[in-house]
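# Examining the three-dimensional arrangement
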Amino acid sequence: EDKVVQSPLSLVVHEGDTVTLNCSYEVTNFRSLLWYKQEKKAPTFLFMLTSSGIEKKSGRLSSILDKKELFSILNITATQTGDSAVYLCAVEGHSGNTPLVFGKGTRLSVIA
Amino acid sequence: DGGITQSPKYLFRKEGQNVTLSCEQNLNHDAMYWYRQDPGQGLRLIYYSQIVNDFQKGDIAEGYSVSREKKESFPLTVTSAQKNPTAFYLCASSHPGGYNEQFFGPGTRLTVL
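Let me sum up the structure you'll find in this document. Just so we're clear, the structure is a prediction, and the values are computed from it rather than from any experiment. (Residues numbered from 1 in each chain as written. Chains lettered and ligands numbered in written order. Predicted model: local features only at pLDDT ≥ 70, side-chain atom pairs only at ≥ 80, totals over all residues. Heavy atoms only, no water.)

### Points about the sheet that holds strand β7 (residues 64–66) of chain B
Residues and elements named next belong to chain B. One open sheet accounts for four strands, arranged β1-β3-β8-β7; its pairing is antiparallel. The open sheet has two edge strands, β1 (4–7) and β7, and neither has a second partner. The sheet shows a mean angle of 20° between the axes of neighbouring strands, taken without regard to direction. Relative to strand β8 (residues 76–78), strand β3 (residues 19–25) runs antiparallel, the two sharing three bridges. Looking at the pairing, Thr 20 lines up with Thr 77 of β8. (Pairing = 2+ DSSP bridges. Helix = DSSP H or I, 4+ residues; strand = E, 2+ residues; numbered from the N terminus. Axes fitted to C-alpha atoms, helices over the stretch in contact; angles between N-to-C directions.)

What follows is the structure, encoded as structure tokens:
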């Protein structure tokens, strides 16, 4: 059975801190790993990772995948209160348009 | 504007009543999905459809039903058989072929009174 485990489940940091969120997975025929940010409603897409060792970057957020060790990390540098959200990790197996398997998410709270 | 819409945003129902949640997309996506989100549980898959007139059960399909008569629409009915229906429901869709980056609607919060 495909599985995604995120850690920590929750995290409180101060503005300006750097955080690392973890995602480990077990999936048959891995195709991609995705990160989403969910503030109040719909999750919004952050990154899709398909290859090991290639960092994806968007502003203060970056992510990397290790397909050998079956995990990914999401880094946020110089955190701001607007980064407070639930961060979801999901993996896709098999072929396209099959369902994603989601982790339980990491709830990040950034305090001023 | 392309996107996914869900209605209503908030829904209240009495125990024993069926209720239907709407999900519409104009992204020309073949695949559509319904998830349920409870606090601390992440997203759990209820049903998904990869093509019109076809759908499959997800991990927690009991007490729910769907239809896919049109490409743009994938309504979810929460039946009285669902024992604990109070939750946040999210609909998503994805582009045909390629990788499965799913786009989400704004969600419907259902409360059973």
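Right, picking up where we left off after that structure.
### With respect to the interface of chain A and chain B
Taken together, the contacts link 22 residues of chain A with 26 residues of chain B. Summed over both sides, the interface between chain A and chain B buries roughly 1900 Å², with carbon and sulfur atoms accounting for 57% of that surface. One can count zero salt bridges joining chain A with chain B. Counting across the chain A and chain B interface gives two residue pairs in polar contact (both at pLDDT 80 or more). (Contact = heavy atoms within 4.5 Å. Buried area = accessible area lost by both parts, 1.4 Å probe. Salt bridge = Lys/Arg side-chain N within 4 Å of Asp/Glu carboxyl O. Polar contact = N/O pair within 3.5 Å; in protein donor to acceptor, adjacent residues only side chain to side chain.)

### Brief notes about the pairing of strand β3 (residues 19–26) of chain A
Residues and elements named next belong to chain A. Residues Val 19, Leu 21, Cys 23 and Tyr 25 line the buried face of β3, whereas the alternating positions Thr 20, Asn 22, Ser 24 and Glu 26 sit on a face that is not buried. One ladder, built from six bridges, connects β3 with strand β8 (residues 71–76); its direction is antiparallel. By the bridge assignment for β8, Asn 22 is matched with Ile 73. (Buried < 20%, exposed > 50% of the residue type's maximum accessible area, 1.4 Å probe, protein only.)

### A few points about the side chain of Arg13(B)
Residues and elements named next belong to chain B. Assignment of secondary structure puts Arg 13 in strand β2 (residues 10–13). Glu 15 is the oppositely charged side chain nearest to the buried, salt-bridge-free Arg 13, at an N-O distance of 7.2 Å. Engagement of the side chain of Arg 13 in a polar contact is seen with the backbone oxygen of Gln 17, the distance being 2.8 Å. A polar contact is formed between the side chain of Arg 13 and the backbone oxygen of Val 78, at a distance of 3.3 Å. When neighbours within four sequence positions are excluded, Arg 13 is seen to be in contact with Asn 18, Val 19, Val 78, Thr 79, Ser 80, Gln 82, Pro 85, Leu 110, Thr 111, Val 112 and Leu 113. (Lys, Arg positive; Asp, Glu negative; His and termini not counted.)

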